[in-house]
Amino acid sequence: MNSSWRSIFFACLIIVFVAPRVHAKDYWLYYLGGQSNMDGFGYTKELSDADYQGIEKVRIFHGTEGLDGQPVAGMGLWTALQPGHGYGFHSDGQVNQYSDRFGVELSFAKRISELYPDRPIAILKYSRGGTSIDQRAAGGFGCWEPDFAGGEGAGAGINQYDHFLAAVRNAYQSTGDIDGDGEADRLIPAGILWMQGESDAVYGEEVANSYQGNLKRLMDLIRASLRTDDLPVAIGRISDSGRQQEKLVWTFGEIVRQAQADFVKSDAAAALVTSTDEYGYSDPWHYDSAGYLDLGKQFADALKSLDK
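These remarks concern the structure in this document. (Residues numbered from 1 in each chain as written. Predicted model: local features only at pLDDT ≥ 70, side-chain atom pairs only at ≥ 80, totals over all residues. Heavy atoms only, no water.)

## Some words on the nonpolar core
Grouped together as the largest cluster of nonpolar side chains are 72 residues, with contacts concentrated most on Tyr30, Tyr31, Phe108, Trp194, Met219, Ile222 and Phe299. Those residues within four positions of Ile222 in sequence are excluded, and the remaining contacts are Tyr31, Tyr161, Phe164, Ile192 and Trp194. (Core = buried A, V, L, I, M, F, W, Y, C linked by side-chain atoms within 4.5 Å. Buried < 20%, exposed > 50% of the residue type's maximum accessible area, 1.4 Å probe, protein only. Contact = heavy atoms within 4.5 Å.)

This is the structure:
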């Protein structure tokens, strides 16, 4: 190969490997994670026509939950946001099976679109009910502890953080075209919504006292997985229905609540949503439909407050 052809050859390589990817649209991406009050136990039958407004242009990738000690899950596909992304939702990566429940995603999408009318919005959701951060509080539901060492074979060491990473990977592999218009799109991480901590508040005082450190570590890892330092995060404060035989449901809930507040104080890119104390409950553990609708709005407002 002579020198001129060699120059052309390497120039072509540079174009192939470093030329910017052409994309049709930038979508601002928000991750929704945690346990069952992020899953969502609101009833779709209780939604009004107004609750549907403003969500049809929002895209969502809802990763299917997986068990600790089992091969990674996180299957899903990009679709237009609609009700049914609450408890009971499932996807095999080809078809979504919607449930009769919803979570914060509907009102969050509506409110964040109002706050940023020029932003195309995308949501990545992966959560699993009953999960703790601390491995000692995993019970039969699972934990987000990255160093989890349970399971065997292909599931060895797999936990909720790994399932989340699989959902991120699957979502990003689909970003060639998330809105179906035939042109490539790009995801820009914009924020994290985290509603979790109840399970860490019921397995002992030592676990509850570890929550702030565990939360910081996990939020830092989620930010790193989305490749955005200081990505804004809104933390939903846990609350208690007091309906467990007229006692507190979360025995060490006040410790976890204080840990959430202390985390936010120590992190300039974090905000605490406290409206949960005002919500009604559909059972001892989960908010009612009105609560989820308000919580999504409060999450959006909290992220807006962090916008510098």
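Following the structure, the description resumes.
## As for the packing of helix α6 (residues 211–225) against helix α7 (residues 253–266)
Geometrically, a packed helix pair is captured by the angle between its two axes and the distance between the axes. Where α6 meets α7, the axes come as close as 8 Å, and the angle between the chain directions of the two elements is 45°. Considered as vectors, α6 and α7 are oriented oblique to each other. The hand of the α6/α7 crossing is right-handed. Residue-level contacts link Tyr211, Gln212, Leu215, Lys216 and Met219 of α6 to Val256, Ala259, Gln260, Asp262, Phe263 and Ser266 of α7. Residues that form the contact of α6 with α7 fall into these classes: 6 nonpolar, 3 polar and 2 charged. (Axes fitted to C-alpha atoms, helices over the stretch in contact; angles between N-to-C directions. Helix = DSSP H or I, 4+ residues; strand = E, 2+ residues; numbered from the N terminus. Parallel < 35°, antiparallel > 145°, perpendicular 65-115°, else oblique. Left-handed = near helix turned anticlockwise from the far one by under 90°. Nonpolar A, V, L, I, M, F, W, Y, C, P; charged D, E, K, R; others polar.)

## Re the side chain of Asn214
For Asn214, the position within the fold is in helix α6. On the basis of relative accessibility, which here comes to 17%, the residue Asn214 falls in the buried class. Not counting residues up to four positions away in its chain, the partners in contact with Asn214 are Ile133 and Asp134.

## A short note on the environment of Ile222
Along the chain, the position of Ile222 falls in helix α6. For Ile222, a relative accessible area of 0% translates into the label buried. Once the C-alpha coordinates of Ile222 and Ile55 are considered, the two residues, 167 residues apart in sequence, prove to be 25 Å apart.

## Some words on unusual backbone geometry
Positive phi is not limited to glycine here, since Arg227 has a value of about 60°. For Arg227, the location among the structural elements is in the loop between α6 and β10 (233–236). For Asp230, which is not glycine, the phi dihedral falls at a positive 55°. Checked against the element boundaries, Asp230 lands in the loop between α6 and β10. The class for Asp230 is exposed, based on a relative accessible area of 58%.

## A few points about the layout of surface pockets
Of the voids in this model, the largest pocket is the one considered here, and its volume is about 320 Å³. Surrounding the largest pocket, 20 residues form its lining, Gln35, Gly129, Gly130, Phe141 and Ser199 being those nearest its centre. Split into classes, the residues belonging to the lining of the largest pocket amount to 9 nonpolar, 8 polar and 3 charged. (1 Å grid on protein atoms, 1.4 Å probe; cavity = no way out; pocket = protein on both sides within 12 Å on 5 of 7 lines; lining within 4 Å. Points joined across faces, edges and corners; volume = space filled by probe spheres on them.)

## As for the sheet that holds strand β1 (residues 25–34)
Pairing between sheet strands relies on hydrogen bonds along the backbone, with the strands arranged either parallel or antiparallel. Taken in spatial order, the 7 strands make up an open sheet running β4-β3-β8-β1-β9-β10-β11, and their pairing is mixed. Strands at the two margins of the open sheet, each flanked by one partner only, are β4 (78–80) and β11 (270–273). Direction aside, neighbouring strands of the sheet carry axes that sit 30° apart on average. Relative to strand β8 (residues 121–127), strand β3 (residues 59–62) runs parallel, the two sharing 4 bridges. When the bridges of β8 are listed, His62 appears paired with Lys125. Its contacts with the sheet put helix α3 (residues 105–115) on β1, β8 and β9 (185–195), and the angle it makes with β8 is roughly 155°. Packing against the sheet, helix α8 (residues 289–305) makes contact with β1, β9, β10 and β11, and its axis sits at approximately 110° to β9. (Pairing = 2+ DSSP bridges.)

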